[in-house]
Amino acid sequence: QVQLVESGGGLVQPGGPLRLSCAASGFTFSSYAMRWYRQAPGKERELVAAIDSIGGLLTYARSLTGRFTISRDNAKNTVYLQMNSLKPEDTAVYYCNAIRLRVEYWGKGTLVTVSS
């Protein structure tokens, strides 16, 4: 059974850091590119960051201005999203996504709320 389980979300003050994790199981994690998406209230889901299967190619949304870092540990079947200097506009549900060719899996998301 394929599972992507996000964790690490919560309430954080503006300017603070937060690290999200996504634990994968049920498929060959090291063969899949991994992505983080987010969906803010009333907005469409958007791509935040992506990493290829071996961690050599990283892609980020331009709006992030270097505040987020995606990484992966294939030995632990886990992908991470380190978020720094968080802003209220970063408030959203963050989703983990695995993709290889036409096969795609999604997690259920973790809520990040940036507020004082």
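As a starting point, this report considers the structure included with it. Just so you know, these numbers come straight off a predicted model, no measurement behind them.

Topic: the overall build of the chain
Across its full length, the chain holds 0 helices and 11 strands. Listing every helix and strand of the chain by position from the N terminus yields β-β-β-β-β-β-β-β-β-β-β. In terms of overall size, the chain behaves like a compact globule, its C-alpha atoms giving a radius of gyration of 13 Å where 116 residues would be expected to give roughly 13 Å. Referenced to the eigenvectors of the C-alpha coordinate spread, the extents of the chain come out at roughly 40 × 25 × 25 Å.

Considerations on the pattern of salt bridges
Inspection of the entire model under this criterion finds 3 salt bridges. Its salt-bridge partner being D90, residue R38 comes within 2.9 Å of it at the nearest N-O pair. Residue R38 is found in strand β4 (residues 33-39), and its partner D90 is found in the loop between β8 (78-83) and β9 (92-100); the two are separated by 52 residues along the sequence. Its salt-bridge partner being R67, residue D90 comes within 2.7 Å of it at the nearest N-O pair. You can see D90 sitting in the loop between β8 and β9 and its partner R67 sitting in the loop between β6 (58-60) and β7 (68-73), a full 23 residues away along the chain. Accessibility expressed as a relative area gives 1% for D90, which makes it buried. Each of R38, E46, R67 and D90 takes part in salt bridges that share partners, so that together they form one network.

Cut-off values and rules
- Within each chain, residue numbers correspond to sequence positions counted from 1 in written order.
- This being a predicted model, a pLDDT of at least 70 is required before a residue's local features are given, and a value of 80 or more before pairs of side-chain atoms are given or counted; all residues contribute to the totals for chains, interfaces and linings.
- Side-chain numbers here rest on the full set of heavy atoms in the structure, without hydrogens or water.
- Counting from the N terminus, the helices are the DSSP runs of H or I reaching at least four residues and the strands are the DSSP runs of E reaching at least two.
- Atoms counted for the radius of gyration: C-alpha only. Globule rule: 2.2 Å times the number of residues to the power 0.38.
- Salt bridges are defined as contacts in which a side-chain nitrogen from Lys or Arg sits within 4 Å of a carboxyl oxygen from Asp or Glu.
- Residue burial is assigned from relative accessible area. The probe radius is 1.4 Å, only protein chains are included, and a residue is buried under 20% of its type maximum, exposed over 50%, and partly exposed in between.

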